[in-house]
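Chain and residue survey
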Amino acid sequence: MVLNSLGSESEGDKQFKAAEKLSQGSLLALRFKADWEQATPLYEQAANNFKQSKVYAKAIAAFDKAAHGQERLNSPWHAAKHLEKAAECCKVHSHII
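Residues numbered from 1 in each chain as written. Predicted model: local features only at pLDDT ≥ 70, side-chain atom pairs only at ≥ 80, totals over all residues. Heavy atoms only, no water.

1. Thoughts on the packing of helix H2 (residues 36–52) against helix H3 (residues 56–72)
How two helices sit against one another is set out by the angle between their axes and by the gap between those axes. Defined as follows: Convention adopted: a line fitted to C-alpha atoms gives each axis, helices being fitted over their contacting stretch, and angles between N-to-C directions are expressed from 0 to 180 degrees. Segments assigned H or I by DSSP are reported as helices when at least four residues long, segments assigned E as strands when at least two residues long, and all are numbered from the N terminus. Roughly parallel covers angles under 35 degrees, roughly antiparallel covers those over 145, roughly perpendicular covers 65 to 115, and oblique covers all other angles. By definition, turning the near helix anticlockwise from the far helix through less than a right angle yields a left-handed crossing, and turning it clockwise yields a right-handed one. Any two residues whose heavy atoms approach within 4.5 Å at even a single point are treated as in contact. Residue polarity is assigned by list, with Asp, Glu, Lys and Arg as charged and Ala, Val, Leu, Ile, Met, Phe, Trp, Tyr, Cys and Pro as nonpolar; anything else, Gly included, falls into the polar class.
At their nearest, the axes of H2 and H3 sit 8 Å apart, and the two run at 155 degrees to each other. The orientation of H2 relative to H3 falls into the category roughly antiparallel. The two elements H2 and H3 cross, and the hand of that crossing is left-handed. Between H2, through Trp36, Thr40, Tyr43, Glu44, Ala46, Ala47, Asn48, Phe50 and Lys51, and H3, the contact on the second element is made entirely by Tyr56, Lys58, Ala59, Ala62, Phe63, Lys65, Ala66, His68, Gly69, Gln70 and Arg72. Its residues assigned to classes, the contact of H2 with H3 shows ten nonpolar, five polar and five charged.

2. Re the nonpolar core
In plain terms, the rule: In this text, buried Ala, Val, Leu, Ile, Met, Phe, Trp, Tyr and Cys residues form a nonpolar core when linked through side-chain atoms within 4.5 Å. The rule is simple: take the accessible area with a 1.4 Å probe, protein chains only, and divide by the maximum for that residue type; under 20% is buried, over 50% is exposed, in between is partly exposed.
If you look at the biggest cluster of nonpolar residues, it comprises nine residues: Ala46, Ala47, Phe50, Tyr56, Ala59, Ala62, Phe63, Ala86 and Cys89. Those elements giving two or more residues to this core turn out to be H2, H3 and helix H4 (76–96). Examining the composition of this core, we find that four residues originate from one element, H3, more than from any other. Discounting chain neighbours no more than four positions away, the residues touching Phe50 are Glu9, Gly12, Asp13, Phe16, Val55, Lys58, Ala59 and Ala62. With six residues, the next largest nonpolar core counts Ala19, Trp36, Ala39 and Ala66 among its residues.

3. Structural notes on the packing of aromatic side chains
Short version of the rule: For this analysis, a ring pair means two rings from Phe, Tyr or Trp (six-membered ring only for Trp) whose centres lie within 6.5 Å, classed as stacked if their planes differ by under 30 degrees, edge-to-face if by over 60, and tilted for the remaining angles.
Across all of its chains, the model carries one aromatic pair by this definition. Between the aromatic rings of Phe16 and Tyr43, the centroid separation amounts to 5.4 Å while the plane-to-plane angle is 70 degrees, which identifies the pairing as edge-to-face. Here Phe16 is found in helix H1 (residues 9–22), whereas its partner Tyr43 is found in helix H2, with 27 residues between them in sequence. Residue class for Tyr43 comes out buried when judged on its relative accessible area of 0%.

4. Some remarks on the environment of Lys54
Relative to the assigned elements, Lys54 resides in the loop between H2 and H3. With relative accessibility at 59%, the residue Lys54 sits in the exposed group.

5. A closer look at the side chain of His82
You can see His82 is positioned in helix H4. Apart from the residues within four sequence positions on either side, His82 is in contact with Glu44, Phe63, Ala66, Ala67 and Gln70.

6. Thoughts on H2
Along an α-helix, a turn takes 3.6 residues, which lines up residues three or four apart on a common side. Where we set the bar: To estimate the expected span of a helix, count its residues, drop one, and scale the result by 1.5 Å.
Between its first and last C-alpha, H2 extends 24 Å over 17 residues, near the 24 Å set by a 1.5 Å rise per residue. Turning to H2, its buried residues are Trp36, Ala39, Thr40, Tyr43, Ala46, Ala47, Asn49 and Phe50. On the buried face of H2, the contacting elements are H1 and H3. Once H2 finishes, Lys54 follows within two positions and takes phi at roughly 60 degrees, a positive value.

Structure below.
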């Protein structure tokens, strides 16, 4: 087993799960609408951890969610960059399959 000091799949899973909670409203947490300002960076970190761990399917999903978050934050340039990174992962992932 190879350990990656920069990021791991399990760390990415934790970040993705936390981002999912923030990207949805919650009556219990008294958060009635999505908090994209906090969720988007977590999606980005999760995507990078997945990419470094070579779990490209999860990286693609996380980059897509990060792009959606950037759109919600009115940052189309950053959204496009995330979609570009997702496309790169698709290219690598298609060579693996």
